[in-house]
Amino acid sequence: MEQKILSLAAEKTADKLREFLQTLKEDDLTNLLQKQAVKGKGAGALLRAIFKGSPCSEEAGARRRCRIYTSCIQLVESGDLQKEVASEIIGLLMLEAHHFPGQLLVELANEYVGGVKEGRLVNGKSLELLPIILTALSTKKENLAYEKGELSGEECKKQLINILCSGRWDQQYVIQLTSMFKDVPLTAEEVEFVVEKVLRMLSKLNLQEIPPLVYQLLVLSSKGSRKSVLEGIIAFFNELDKQHNEEQSGDELLDLVTVPSGELRHVEGTIILHIVFAIQLDCELGRELLKQLKGRQQGDSNNNLCPFSIALLLSVTRIQRFEEQVFDLLKTSVIKSFKDLQLLQGSKFLQNLIPHRPCVSTMILEVVKNSVHSWDHAIQGLVQLGFILMDSYGPRKILDGKTIETNPSLSRMPNQQACKLGANILLETFKIHEMIRQEILEQVLNRVVTRASSPISHFLDLLSNIIMYAPLVLQSCSSKVTETFDYLSFLPLQTVQGLLKAVQPLLKVSMSMRDSLIVVLRKAMFASQLDARKSAVAGFLLLLKNFKVLGSLSSSQCSQSIGVTQVHVDVHSRYNSVANETFCLEIMDSLRRCLGQQADVRLMLYEGFYDVLRRNSQLANSIMQILLSQLKQFYEPKPDLLPPLKFEACILTQGDQICLQEPLDHLLCCIQHCLAWYKSKVMPLQQGDEEEEEGFYQDLDDMLESITNRMIKSELEDFELDKSTDFSQSTDIGIKNNICAFLVMGVCEVLIEYNFSISNFSKSKFEEVLSLFMCYKKLSDILNEKAGKGKNKMANKTNDSFLSMKFVSDLLTALFRVLLWRYTSIPTSVEESGKKEKGKSISLLCLEGLQKIFSAVQQFYQPKIQQFLRALDVTDKEGEEGEDADVSVTQRAAFQIRQFQRSLLNLLSIQEDDFNSKEALLLVNVLSSLSKLLEPSSPQFVQMLSWTSKICKENSQEDASFCKSLMNLLFSLHVLCKSPVTLLRDLSQDIHGQLGDIDQDVEVEKTNHFAMVNLRTAAPTVCLLVLSQAEKVLEEVEWLITKLKGQVSQETLSEEASSQATPPNHPAEKAIIMQLGTLLTFFHELVQTALPSGSCVDTLLRDLCKMYTILTALVRYYLQVCWSARGIPKNMEKLVKLSGSHLTPLCYCFISYVQNKKSNILKYTGEKKKEKTAAVATTMAKVLRETKPIPNLIFAIEQYEKFLIHLSKRSKVNLMQHMKLSTSRDFKIKGNILDTVLLREDGEDENEEGTASEHRGQNKEPAKKKRKKEMKCLS
């Protein structure tokens, strides 16, 4: 039979073949085909012959073809055929499919759809035919019977795809089915069906099956639905990461962790590569990704970014056209995230509304950690992002060229946090990826060298951390570091010191690098530029500190802690101590030559020797001999000669220039510190046979003792300095005397510390200390007096103190308990008046000292606060140490707060005439500092808040600064518990009651919520304070509205989300309306208040403008919301009603009040014009400044009303029924008034003055009319 079919098919006409096939039974033909296919011989030829004899033009032929197709599909799916045979059969079926009539195509397609839904597929090979069938079907224009109706071919195809995507897909055929759709012509709606189905299938697949499926999905996205594809992939992996992290951090057993971490990261890396490759081929996909993430950034930046999407964005930066946009997006997200965090941390109101989410910085650092799993494509982007953040948000230069110091409070600012994040990204990437290390190091060093004029401390810190991590590894990059040394002579001193300190560990492990540095420093030592020589000295001193000589004390024996940089690298040292000694002595010889150079170079040497001595004690003799020989040049050995030092010899006169040659005070300071350290650390460890050395140090002691005694005996005349001396900076003798005076004062300070250190608290030594201090004070008073008379800024410039921190801390430790005990035990009121000096009592000085100590500890020693508070507690006993260790910072701080609360209450109980405002202000400052240590959720914090509130309510003090400080404390505590809007409302009522109404005929009832608000403090003190707090509340509300707008735009973008109505009582919406409602009543009171001209009026007008701008933003938010099924909540309607009845009319009255005041002032100043021109100009400027915000406020009100009209139309709620439309303002130029003004300016004689006055009369009339119109409109 087979041969006959083939022979008939070979004939030119197919008539006989057709007739023969009609004689055969259906099963015979299919069985024959099946047999041939399984054998693998001639199946293709037989199939072609059957198709030739079964033309689609005949119904029997078409039916036969259909049965053959069904049979072949089953045959291919059975898996019994060889691969080549199956491919040949499918290929033939594809070629013939387009000949089918539409109805049979529908049947075939239905067969496929049924097979997929019922799971009849075995290997999915036959799916290659389905796209051809669907494509052929879509081309059929005639109506086809489908189910119970008739549809066109295109509609049938759509219905089939819908059914296919609605049904169940077997897990193993998901990839093939997805791949199949890329060959089907699809409409946008059909693509969306398919994409949604495939995205739903992602979670049902094994991890290793996901990358090929995503690849097929990305290919499919070229037909449309790019947004859905990207959103779906990102959301899927974000959720997968969250589940994985929960499993990792949970308490479950290890075998319950579903996905190994490494495997997940490798899959994510592959997916990212697929997406980046797809974006390279299809730029629209890249634009969609950026558009999607930028759009969501308007809402919650933390909500749309996740480690996966960040890694994807960083990988996309490899595509040049998207690089800049991606980095801008990431940079903006980082800074916005930190700003949001800062806003949240300062407001309990926002914390209650917004759930805590991981910060973008945490996500980026997670990407760095994950990049270890072969994410090479993201590494370059990470490095670039790190440098962009450091470059954009690093420390900035301020006006005098200095950088802003980074203290703990500043480091919490968004910019500093962003810069720190950049450094962390680079450091962590450096640690993980060896291949990128060279590039990071090069870029850091390039910035250090090329940005010398800008602050680069953040780059030096990063360099130090990088080198500390792996000094041995970085030996391979030594050439780059050595190259950087060549620029040392041209870099600022601060940069040189930071750079050399950072590279110290490398110098320990690389002989060649150290030798290169020595050569550079020796050249710099003899350079013509002073800065180059100072850099050389700094470099040599640093080397001396870090290359220890045999026998030097270990780090643990030094009293001061030594930088971790040096301690860690000692283990890497390859040089023995004998070699170090030779090396150090060579450097000492080089440094000895510096003593013949300028004062600045010598000063550096003196400041550095003490640090060298502490690190390298075996160099003590060399250092002390250099210092001793230098001191002898200026020391008067005769015991009776006054003064004991040759101050004149320290000053150099060269032609017209007079300058300091020898910084004698610094020399003595260095000797004193070195001597004290040597005696306390080295001498106790020495053997008895080293008497010669002890004698050497005894000589220095004797010299300092002699200098002390003779300085005490010396009068100011002995130094040729007294009240009659010329200290002006304009004469040579004045400059010389200034230098000499500062030298004498410096020497006194050094001797004070020296005698205190050897005093052992003896009375005689303390008397000497006081005598030296009196000498210092006399000179200081004379200089201050002369500087005050001469108004000379240079003379008024104070030099840095020579008193060391150790001396100050020892002195304060001795005095602190005395200060605390004295202040809390002896009230200021019972002090003797004779103990007062320059208006400050001893108790007040004690309190001032306490206040400065509290603020210093909090600002600079945050980690040691617990220890500090524990030391304050005099009730502590050694035996109770274990129990007291459990006492919290809050409890300890509360104990101290109670003492100062009692002191303030005692002070407030005194009559107003005896009230000491300075003391009260200091007490409030101390309480403010201590209250920051309280935990906001603790009962102690609640007690502090209620106590402060009670003080403000019950005490009336007219001192403005005390009132401001106390109110600031109240607000700072209040915002950490709840929003301060009710507090603001009460205070506004008090201010209105105290200052009266803008309508003089209205008598205002005084509320007296807070006695602290009185006639003297109400304006401007309390008024400006409450307005600034209202601004903060408005900022928070604006931030919330922006967040809600972002969420709404995300919801409405997808049809599915928009169909689900958001709950009408969204807690954030309700909170916003409540806040604005209470603020509205606050402004309602203030706009009726007769505020004095000046900053109060100006600030109120600006804040009202802000209020209306935010009301407009809320209205526009509801315009967005109204597109969905939701309406406007009732409380929003009430807010609009309140604004129309209680605020807008009163705003116009207030504007009229301000304008009337302006016209009165202008009238008054016009009459006084010829008397005081300058005073008139000042008044005019003040009036213009106050009235400048008025047009902005009117515009803001009108914008609010405009959008209310839109909202009324859209919501079908008449929101304008309570709004009275404002007066029309056409701003028409009136010629007669313009002429009047011009004539008034030019008029000089009496006639012209008379004319001008007439015109002034005319000028008043339009104003009156305008006022009448306004009143009519508002009534």
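Residues numbered from 1 in each chain as written. Predicted model: local features only at pLDDT ≥ 70, side-chain atom pairs only at ≥ 80, totals over all residues. Heavy atoms only, no water.

Asks: What am I meant to see in the overall build of the protein here?
Replies: Within the protein one finds 56 helices and 4 strands. For the protein, buried positions account for 49% of its 1275 residues. Summarising the internal contacts of the protein: among those between residues at least 6 apart in sequence, 74% fall at separations of at least 24. Carbon and sulfur atoms form 52% of the exposed surface of the protein, whose accessible area is close to 62200 Å². (Helix = DSSP H or I, 4+ residues; strand = E, 2+ residues; numbered from the N terminus. Buried < 20%, exposed > 50% of the residue type's maximum accessible area, 1.4 Å probe, protein only. Contact = heavy atoms within 4.5 Å. Areas by Shrake-Rupley, 256 points an atom, 1.4 Å probe, with all protein chains shown as cover.)

Asks: Explain unusual backbone geometry to me, please; I cannot follow it from the model alone.
Replies: For residues that are not glycine, phi is negative in most cases, and the peptide bond is trans in most cases. The step from Leu-642 to Pro-643 runs through a cis peptide bond, and the omega angle for that step is -10°. At the junction of Ala-1019 and Pro-1020, the peptide bond is cis and its omega measures out at 0° in the coordinates. Inspection of the secondary structure puts Pro-1020 in helix 47 (residues 1018-1053). Its identity is not glycine, yet Ser-225 carries a phi of approximately 60°, on the positive side. If you trace the backbone, Ser-225 turns up in the loop between helix 12 (210-220) and helix 13 (226-249).

Asks: Honestly, empty space enclosed by the protein in this entry has me stumped. Any pointers?
Replies: Over the atoms rolls a probe the size of a water molecule, and in doing so it shows where empty space is left. Inspection of the entire model under this criterion finds 2 cavities of 30 Å³ or more. In this structure, the second largest cavity encloses a volume near 50 Å³. Lining the second largest cavity, in full, are Phe-854, Val-857, Gln-858, Ile-865, Phe-868, Leu-869, Ser-929, Leu-930 and Leu-933. For the lining of the second largest cavity, the elements supplying multiple residues, two or more each, are helix 39 (842-860), helix 40 (865-872) and helix 43 (917-931). Here the lining of the second largest cavity is built from residues that sort into 7 nonpolar, 2 polar and no charged. (1 Å grid on protein atoms, 1.4 Å probe; cavity = no way out; pocket = protein on both sides within 12 Å on 5 of 7 lines; lining within 4 Å. Points joined across faces, edges and corners; volume = space filled by probe spheres on them. Nonpolar A, V, L, I, M, F, W, Y, C, P; charged D, E, K, R; others polar.)

Asks: Sorry if this is basic, but what is going on with the pairing of strand 4 (residues 657-660) here?
Replies: Looking down a regular strand, the side chains alternate between one sheet face and the other. In terms of strand pairing, strand 3 (residues 651-654) meets strand 4 through 4 bridges, oriented antiparallel. What sits directly across from Thr-653, in strand 4, is Ile-658. Adjacent in sequence and paired antiparallel, strand 3 and strand 4 are bridged by 2 residues, among which Gly-655 carries a positive phi angle near 65°. (Pairing = 2+ DSSP bridges.)

Asks: Could you clarify how one ought to interpret the packing of helix 32 (residues 620-632) against helix 33 (residues 664-682) in this entry?
Replies: Axis angle and axis distance: for two packed helices, these are the angle between their axes and the distance between the axes, and together they describe the pair. It is at 10 Å that the axes of helix 32 and helix 33 come closest, and there the two elements cross at 145°. By crossing handedness, the relation of helix 32 to helix 33 is classed as left-handed. Side by side, helix 32 and helix 33 meet where Ala-620, Met-624, Leu-627, Gln-630 and Leu-631 of the first sit next to Leu-664, Leu-667, Leu-668, Cys-670, Ile-671, Cys-674, Leu-675 and Tyr-678 of the second. Residues that form the contact of helix 32 with helix 33 fall into these classes: 12 nonpolar, 1 polar and no charged. (Axes fitted to C-alpha atoms, helices over the stretch in contact; angles between N-to-C directions. Left-handed = near helix turned anticlockwise from the far one by under 90°.)

Asks: Sorry, what's going on with helix 8 (residues 130-138) here?
Replies: A turn of α-helix holds 3.6 residues, and therefore any two residues three or four places apart point the same way. Among the 9 residues in helix 8, 7 count as buried, and that is most of the element. Residues of helix 8 that are buried: Leu-130, Pro-131, Ile-133, Leu-134, Ala-136, Leu-137 and Ser-138.

Asks: I'm lost on the nonpolar core in this one. Help?
Replies: Where a protein is soluble and globular, its nonpolar side chains tend to be buried together. Core analysis: the largest hydrophobic core is formed by 124 residues, its most contacted members being Leu-1076, Phe-1083, Leu-1114 and Phe-1150. Tallying contributions element by element places helix 50 (residues 1095-1121) first for this core, with 17 residues. In this view, Phe-1083 contacts Leu-1027, Ala-1030, Leu-1034, Leu-1100, Asp-1103, Leu-1104, Met-1107 and Leu-1143; residues no more than four positions away in its chain are not counted. The next biggest cluster of nonpolar side chains, apart from the first, holds 123 residues, and it includes Met-604, Ile-623, Val-750 and Ile-782. (Core = buried A, V, L, I, M, F, W, Y, C linked by side-chain atoms within 4.5 Å.)

Asks: Just to check I follow, could you spell out the pattern of salt bridges for this structure?
Replies: When their charged atoms lie close together, side chains carrying opposite charge are able to pair. Using the criterion set out here, one finds 24 salt bridges in the structure. Put simply, Glu-662 and Arg-602 hold a salt bridge, and the shortest N to O gap is 2.4 Å. With Glu-662 in the loop between strand 4 and helix 33 and Arg-602 in helix 31 (residues 599-615), this residue pair connects regions lying 60 residues apart in the sequence. Residue classification places Arg-602 among the buried residues on the basis of a relative accessible area of 5%. The shortest N-O distance in the salt bridge between Arg-985 and Asp-986 comes to 3.8 Å. Here the salt bridges do not stand alone but share partners, grouping Asp-241, Arg-265 and Glu-268 into one network. (Salt bridge = Lys/Arg side-chain N within 4 Å of Asp/Glu carboxyl O.)

Asks: Looking at this model, I keep getting lost on the packing of helix 14 (residues 261-281) against helix 17 (residues 307-316). Mind explaining?
Replies: Closest axis-to-axis distance for the helix 14/helix 17 pair is 10 Å, and the angle between their directions is 45°. Classified by the angle their axes make, helix 14 and helix 17 are oblique. As helix 14 runs across helix 17, the sense of the crossing is right-handed. Every residue of helix 17 that contacts helix 14 at Glu-268, Ile-271, Ile-272, Ile-275, Val-276 and Ile-279 is listed here: Phe-308, Ala-311, Leu-312, Ser-315 and Val-316. Here the residues of the contact of helix 14 with helix 17 are counted per class, giving 9 nonpolar, 1 polar and 1 charged. (Parallel < 35°, antiparallel > 145°, perpendicular 65-115°, else oblique.)

Asks: Sorry if this is basic, but what is going on with the environment of Leu-506 here?
Replies: Checked against the element boundaries, Leu-506 lands in helix 26 (residues 493-509). You can call Leu-506 buried: its relative accessible area is 1%. Put simply, Leu-506 and Leu-472 are 34 residues apart on the chain and 7.4 Å apart in space, counted from C-alpha to C-alpha. Sequence-distant contacts of Leu-506, defined by excluding residues within four places in its chain, comprise Ile-467, Pro-471, Leu-474, Val-481 and Met-513.

Asks: Mind showing me how you'd approach the packing of aromatic side chains here?
Replies: Aromatic ring pairs are defined here through the distance separating the ring centres and the angle between the ring planes. Across all of its chains, the model carries 14 aromatic pairs by this definition. For the ring pair Phe-915 and Phe-962, a centre distance of 5.5 Å and an interplane angle of 65° mean the geometry is edge-to-face. Of this pair, Phe-915 sits in the loop between helix 42 (889-908) and helix 43 while Phe-962 sits in helix 45 (residues 960-974), and the two are 47 residues apart along the sequence. Their ring planes at 65° and their centres at 5.0 Å tell us that Phe-1082 and Phe-1083 sit as a pair that is edge-to-face. This pair shows no difference in class: Phe-1082 is buried, exactly as Phe-1083 is. Through a chain of ring-to-ring contacts, three or more aromatic side chains come together here, namely Phe-236, Phe-237 and Phe-308. The ring of Phe-430 carries Arg-437 above its face, with NZ or CZ at 5.3 Å from the centroid. Above the ring of Tyr-610, the side-chain terminus of Arg-614 is found at 5.1 Å from the ring centroid. (Phe/Tyr/Trp six-rings, centres within 6.5 Å; stacked < 30°, edge-to-face > 60°. Lys NZ or Arg CZ within 6 Å of the ring centre and 35° of its normal.)

Asks: So what exactly am I meant to see when it comes to a nonpolar patch on the surface here?
Replies: Together, Tyr-215, Phe-277 and Leu-281 make up an exposed nonpolar region whose accessible area comes to about 320 Å². Checked against the element boundaries, Tyr-215 lands in helix 12. (Patch = residues over 30% accessible without salt bridge, like charges linked within 9 Å, V, L, I, M, F, W, Y side chains within 5 Å.)

Asks: Sorry, what's going on with the environment of Leu-716 here?
Replies: Examined against the element boundaries, Leu-716 turns out to sit in the loop between helix 34 (691-713) and helix 35 (732-759). For Leu-716, a relative accessible area of 11% corresponds to the buried category. For the pair Leu-716 and Leu-779, spaced 63 residues apart in sequence, the C-alpha separation works out to 7.9 Å. Here Leu-716 is in contact with Leu-721, Asp-722, Lys-778, Leu-779 and Ile-782, once residues within four sequence places are set aside.

Asks: Quick question: what am I supposed to make of the confidence of the model for the protein here?
Replies: The predicted coordinates ought not to be read in detail in places where the model reports low pLDDT. On average, residues of the protein carry a pLDDT of 78, and 74% of them reach 70 or more. For the stretch residues 555-575, pLDDT sits under 50, and the model shows 46 contacts to residues farther than four places along the chain or on other chains. Here residues 1053-1065 is modelled with pLDDT under 50, and outside its nearest four sequence neighbours on either side it reaches 12 contacts, counting other chains as well. (pLDDT = per-residue confidence, 0-100.)

Asks: How should I be thinking about the side chain of Glu-753 in this particular structure?
Replies: With respect to the helices, strands and loops of the structure, Glu-753 is situated in helix 35. Of the side chains bearing the opposite charge, Lys-806 lies closest to the buried Glu-753, which forms no salt bridge; the N-O distance is 7.4 Å. One polar contact links Glu-753 to Ser-804, side chain to side chain, over a distance of 2.5 Å. The residues contacting Glu-753, other than those within four sequence positions of it, are Gln-672, His-673, Phe-802, Leu-803, Ser-804 and Phe-807. (Lys, Arg positive; Asp, Glu negative; His and termini not counted. Polar contact = N/O pair within 3.5 Å; in protein donor to acceptor, adjacent residues only side chain to side chain.)

Asks: Explanation requested: the side chain of Gln-851 in the structure shown.
Replies: Relative to the assigned elements, Gln-851 resides in helix 39. Note on Gln-851: relative accessible area 17%, which makes it buried. Residues within four places of Gln-851 in sequence aside, it is in contact with Leu-922, Asn-925 and Val-926.

Asks: Just to check I follow, could you spell out the state of the cysteines for this structure?
Replies: Every disulfide links exactly two cysteines, by a covalent bond between their sulfur atoms. Enumeration according to the criterion identifies 0 disulfides in this entry. In this model Cys-963 remains outside any disulfide bridge; the closest cysteine sulfur is found in Cys-952, 7.5 Å from its own. (Disulfide = S-S within 2.5 Å.)

Asks: Can you walk me through helix 46 (residues 981-995) in this structure?
Replies: The end-to-end C-alpha separation of helix 46 is 21 Å, in line with the 21 Å expected for 15 residues at 1.5 Å each. By the criterion of burial, helix 46 is predominantly enclosed, with 11 of the 15 residues buried. Of the residues making up helix 46, those classed as buried are Val-981, Leu-983, Leu-984, Asp-986, Leu-987, Ser-988, Asp-990, Ile-991, His-992, Gly-993 and Gln-994. (Expected span 1.5 Å × (residues − 1).)

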